[in-house]
Amino acid sequence: MQRIGVFVCWCGSNIAGTVDVQAVSEALKNEPGVVYSTNYQYMCSQAGQDMIKNAVKEHNLTGIVVCSCSPRMHEATFRKTAAAAGLNPYMVEIANIREQCSWVHKEMPIGTEKAIILGKAAIAKVNLNTPLIPGESPVTKRALVIGGGIAGIQTALDIADAGFPVDIVEKQPTIGGKMAQLDKTFPTLDCAACILTPKMVDVAQNDKIRIFSYSEVAEVGGFVGNFDVKIKRRARYVKEDVCTGCGACVEKCPMKKVPNEFNLGMDNRTAIYIPFAQAVPKVATIDPNHCNMLKNGKCGLCAKVCAAGAIDYKQQDEIIEEKYGAIVVATGFNPISMDKFDEYAYNQSKDVITSLEFERLTNAAGPTAGKLLRPSDHKHPHTIVFVQCVGSRCAACAEKGKEYCSKICCMYTAKHAMLTRDKYPDTEVYVFYIDVRTPGKNFDEFYRRAVEEYGVHYIKGMVGKVVPEGDKLKVQASDLLDNKQLHIDADLVVLAAAIEPDKSARPLATMLTASMDTNDFFTEAHPKLRPVESPTAGVFLSGTCQGPKDIPETVSQAGAAASKVIGLLAKDKLTGNPCVANSDELMCNGCSSCQRVCPYGAISYIDKEFRMPDRTTKIRRVASVNPAVCQGCGACTVACPSGAMDLKGFANEQIMAEVDAICK
Amino acid sequence: MKFSYFPGCTLKNKAKDLDIYARRSAEVLGITLEEIENWQCCGGVFSTAKDEVATKLSSVRALKEAKSKDQPLVSVCSACHNVIKQTNHAIQTDKEFADKVNRYMAEEPYNGETQVYHYLEMLRDVAGFDAVKAKVVNPLKGKKIAAYYGCLLLRPNSVMKMDDPENPKIMEDLIKAMGADAVVYANRNECCGGYVSFESPELAKKKSLAVVENAKAAGAEMIITACPLCKYNLIKNGADIPVVYFTELLAEALGVKEDTNE
């Protein structure tokens, strides 16, 4: 029999205003197992906690019920109090008489009655509580970062800086991501390459960091502290450790008409290529879809000119296996396809481009060497129309766009408009917007400068139609503040396409059993208080895979994710949550129902030998829960048809006792 | 395959070509069009007023008639198709509307069971453009033809579900199947101005000419359409290239433009 102490909190007037706390502690005195009951103004205060500790000693308590606020608020506090008094922390139960009682009722008699019932339920449960001891598991002190854009780079550098080895897996031939394609960055207009490439070099030179470029994560097993990951290294037909990046092969390659993805198809590259001058690793890659040697065995020029002997046409994809303690997702974003927005004639005219294409057009290393020329005839455009929110904030057209705000477009459009006016004062620039959203340090000042100092025409309203006719783009739009239809003959139209998570994110989320929202952004463990952790233990989020972000925000989040990883890897052992599922092997019939519903992949099956009544042995397949992976959600206990699954600390028996106490 | 066929009033008067060539072409493709008995005018416009019932009853009767024969319902005029498809959708999704409508119906109620096709969808999804191509006897080689969709054929997309309203290709695919070159131009899905031709003839003219000029600038020698009102407006407002119904061109390609029986 337990010896239970009941502690009713007033929470100032928060509880005592609508609950007669004296009556509650009196009424609960006579419940089974209760040997002591009292109330106090602030139970969570030092004095309140001391009161509990003293009562444990004086009355020899074995269980504690605190009638107070939500367990989310102070369960941990009172568990610590119990531990300090020498009790197992899991012998504490909280009856939530604030959020679920005093705050939702107005009349004292009703509030009091309900508080008593909630107290009785908690007492009934504590009577069945048993001490729980959390398990421990070791930690592999190595992190995996998936994605080598600015988010992945920053996370990897910060983790390595703390002394832990990190591997970056990047599916492109080089790290750098989207930021490597940008021209200048807002709001300070420093060039993206100038601030990014030193970081890329830092990554390459850091002996704690390994880069697996042109590679993908193929399989993830294990759990927090002990992930087993298979990485597929795609054949690049060039020996990475031999290639010096001299570029002789690129010069000689006769296959010169491959659309260059780094410049978004606005110029061509060769079949063997290095994406850009500052690529890391700076090694060549052969595109097997366009290489004559790989396609039909005719050519071999690159192998002939390679002084280092790095070309290897027989190279195969390779799978490497590695163990990691933590995984950081940094898979980034892409602009959405403009195929469904042909009111802007993206597919009809070369001179209708996306903002990312505009970045390349103005980049000194881009297809026009930084000169702003129209793609169709390489003439200088004199009228440019920027259209914001193409596919963003598109609630009414969800089948073609996104409901959310892509967040970065207002600022980069202001940047494009300003830079255009700065470099080409003879060019008229129009920006059509729904709202201009520029919160952020020095952001609104930046936008105001575009309007006031650079004379960019900001027009509230949307473009309805772009009609290519002759060498003009006839833009039809509305000016909502002037209540007028506008017709502008433009030379170039730039679409601020919405951004969406990279397509690799969803299959990766499945491998990691990490949850996503309806837009395929990774979900954080708590939207405010745990923004860089996935609900899946050991999986962390960095950058735009979690939601639209600009570079400053991405870098902050990348650092935050790194600090969480460092916190995890700094531990030698991980203490688990002892409230995990547990299968009664005698009752389990091996049906797999629990395994199918488990969102964390915590359940596997083992063949176990059982002694039968007639002394023979029989091998049966039974469920086995990995307590280090189980998050204690309880889904399996509901799914189990034979009642074999139970959740420690929330056993079926305990829940039923609570229900009985409430219904009595 | 048999379809219930709703021609619509214009197809019996101004737009006889649209009707006749649709019937002849269907025959070549092995599709039987059975004209619904006692059909009435579709009303021309689908009223978006939630409590408007009377103007939608004609469509419901046609849909119900097709259901009684267990046939899908096809029409070829953009306006008729729009009204019928939207009415069917309203019955399927708005219980209150369905109840009201069924109070006008004798015998069993109609609950949106009939499948509604536009003639172009029938070509694409039932006959198949490959089959059309195989039956072409007069390939329209070298002809540069611009498809004109107008406003009604594709919108509202959530109901019509025929093609991407901003980047359609169903008529272009038909043009290619007939052996001609499809001219893609931006204004192919813009309004011809037909609905304001009494109130503001100048605006209507401007809208029509914007379509024609854009098609010509893209190299078109001819415009095809499914809509009698579009055809009327483009021609009346001064189109200087031929504007014809797509069915006429189809009949020509299939070799049945001149009816040997008449």
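Predicted model, so just to flag it, every value in this text is computed and none were measured.

Procedures and definitions
- Residues numbered from 1 in each chain as written.
- Chains lettered and ligands numbered in written order.
- Predicted model: local features only at pLDDT ≥ 70, side-chain atom pairs only at ≥ 80, totals over all residues.
- Helix = DSSP H or I, 4+ residues; strand = E, 2+ residues; numbered from the N terminus.
- Rg over C-alpha atoms; globule rule 2.2 N^0.38 Å.
- Buried ≥ 20, exposed ≤ 12 C-beta atoms within 10 Å, placed from the backbone.
- Contact = placed C-beta atoms within 7 Å.
- Domains from an automatic or database assignment.
- Expected span 1.5 Å × (residues − 1).
- Pairing = 2+ DSSP bridges.
- Axes fitted to C-alpha atoms, helices over the stretch in contact; angles between N-to-C directions.
- Parallel < 35°, antiparallel > 145°, perpendicular 65-115°, else oblique.
- Nonpolar A, V, L, I, M, F, W, Y, C, P; charged D, E, K, R; others polar.
- Core = buried A, V, L, I, M, F, W, Y, C linked by C-beta atoms within 7 Å.

Considerations on the overall build of chain B
Next, step 1: A tally of helices and strands in chain B yields eleven helices and eight strands.
Next, step 2: Its C-alpha atoms give chain B a radius of gyration of 18 Å, near enough to 18 Å, the size a compact globule of 262 residues would have.
Next, step 3: Along the first, second and third principal axes, the C-alpha atoms of chain B reach 55 × 45 × 35 Å.
Next, step 4: Every one of the 262 residues in chain B was classed for burial, and the buried ones make up 49%.

Overview of the overall build of chain A
Next, step 1: A count of helices and strands for chain A gives 19 helices and 34 strands.
Next, step 2: When its C-alpha atoms are laid out on the principal axes, chain A stretches across 90 × 70 × 40 Å.
Next, step 3: Counting over 664 residues, chain A shows a buried share of 46%.
Next, step 4: Put simply, 70% of the contacts in chain A that link residues at least 6 apart link residues at least 24 apart.

Considerations on the domain arrangement of chain A
Next, step 1: For chain A, the assigned domains read domain 1 (4-126), domain 2 (143-173 + 212-231 + 319-330 + 502-570), domain 3 (235-316), domain 4 (333-500) and domain 5 (581-647).
Next, step 2: Its C-alpha centre places domain 4 of chain A at a distance of 57 Å from the equivalent point of domain 5 of chain A.

Brief notes about helix α7 (residues 150-161) of chain A
All names here are of chain A.
Next, step 1: Look at α7: 16 Å from first C-alpha to last across twelve residues, which is about the 16 Å you get at 1.5 Å a residue.
Next, step 2: Taken across its twelve residues, α7 has eleven buried, putting it largely inside the fold.
Next, step 3: Ile150, Ala151, Gly152, Ile153, Gln154, Thr155, Ala156, Leu157, Asp158, Ile159 and Ala160 are the residues of α7 that are buried.
Next, step 4: Buried positions along α7 lie against β6 (143-146), β7 (166-169), α8 (192-205), β10 (209-212), β18 (326-329) and α16 (551-569).

Some remarks on the environment of Ala162(A)
Next, step 1: Mapping Ala162(A) onto the fold places it in the loop between α7 and β7.
Next, step 2: For Ala162(A) and Ile566(A), which are 404 residues apart along the polypeptide, the C-alpha to C-alpha distance reads 7.0 Å.

Concerning the pairing of strand β12 (residues 226-233) of chain A
Residue and element names in this part refer to chain A.
Next, step 1: Across eight bridges, the pairing between strand β11 (residues 215-223) and β12 is antiparallel. Bridging across to β12, Val217 finds its partner in Ile231.
Next, step 2: With antiparallel pairing between neighbouring strands as the criterion, β11 and β12 make up a hairpin whose turn holds two residues, including Gly225 at a positive phi of roughly 85°.
Next, step 3: Pairing geometry for β12 and strand β17 (residues 318-324), over seven bridges, is antiparallel. Bridge assignment links Ile231 to a residue of β17, and that residue is Ile320.

What about the packing of helix α2 (residues 57-68) of chain B against helix α3 (residues 78-93) of chain B?
Residue and element names in this part refer to chain B.
Next, step 1: Direction vectors running N to C along α2 and α3 enclose 80°, while the axes themselves pass 9 Å from each other. If you check the angle between α2 and α3, you find them roughly perpendicular. For the pair α2 and α3, the contacting residues are Ser59, Val60, Ala62 and Leu63 in the first and Val83, Ile84, Thr87 and Asn88 in the second.
Next, step 2: The residue makeup of the contact of α2 with α3, split by class, is five nonpolar, three polar and no charged.

Things to note about the interface of chain A and chain B
By a widespread convention, an interface's size corresponds to the accessible area lost as its parts come together.
Next, step 1: Contact residues are listed per partner, giving 14 residues for chain A and eight residues for chain B.
Next, step 2: By residue class, the composition of the side of chain A that touches chain B is five nonpolar, three polar and six charged.

Quick notes on the sheet that holds β17(A)
Residues and elements named next belong to chain A.
Next, step 1: The strand order across the open sheet built from three strands is β11-β12-β17, with neighbouring strands paired in antiparallel fashion. Bordering the open sheet on either side are β11 and β17, each of which pairs with just one other strand. Each adjacent strand pair in this sheet contributes to an overall mean axis angle of 20°, direction not counted.

Some details on the domain arrangement of chain B
Residues and elements named next belong to chain B.
Next, step 1: Examined at the domain level, chain B breaks down into domain 1 (2-120) and domain 2 (137-254).
Next, step 2: Once you take the C-alpha centre of each, domain 1 and domain 2 turn out to be 23 Å apart.
Next, step 3: Listed by partner, the interface residues are 20 residues for domain 1 and 20 residues for domain 2.
Next, step 4: Residue assignment for the side of domain 1 that touches domain 2 shows that the elements contributing at least two residues are α1 (16-28) and α3.
Next, step 5: Its residues placed into classes, the side of domain 1 that touches domain 2 shows nine nonpolar, seven polar and four charged.

A closer look at the nonpolar core
Residues and elements named next belong to chain A.
Next, step 1: Counting residues in each nonpolar core, the largest one holds 132 residues, and the members touching the most others are Tyr344, Val385, Val493 and Leu495.
Next, step 2: Counting residues per element, this core draws most heavily on helix α13 (residues 409-423), which supplies seven residues.
Next, step 3: Setting aside anything within four residues of it in sequence, one finds Val385 in contact with Tyr430, Phe432, Val463, Val475, Ile488, Ala490 and Val493.
Next, step 4: With 78 residues, the next largest nonpolar core counts Ile159, Cys249, Ile274 and Ala561 among its residues.

Focus: unusual backbone geometry
Next, step 1: With an omega dihedral of -5°, the bond running from Phe186(A) to Pro187(A) counts as a cis peptide bond.
Next, step 2: As for its position among the elements, Pro187(A) is in the loop between β8 (184-185) and β9 (190-191).
Next, step 3: For the peptide bond that leads from Arg155(B) to Pro156(B), omega is 0°, which places it in the cis range.
Next, step 4: Looking at the secondary structure, you find Pro156(B) in the loop between β5 (144-148) and α7 (157-160).
Next, step 5: A positive phi is found at Thr513(A), a non-glycine position, where the angle reads about 45°.
Next, step 6: In this fold, Thr513(A) is placed in the loop between α15 (505-512) and β29 (539-541).
Next, step 7: Given 18 C-beta atoms within 10 Å, Thr513(A) falls into the partly exposed group.

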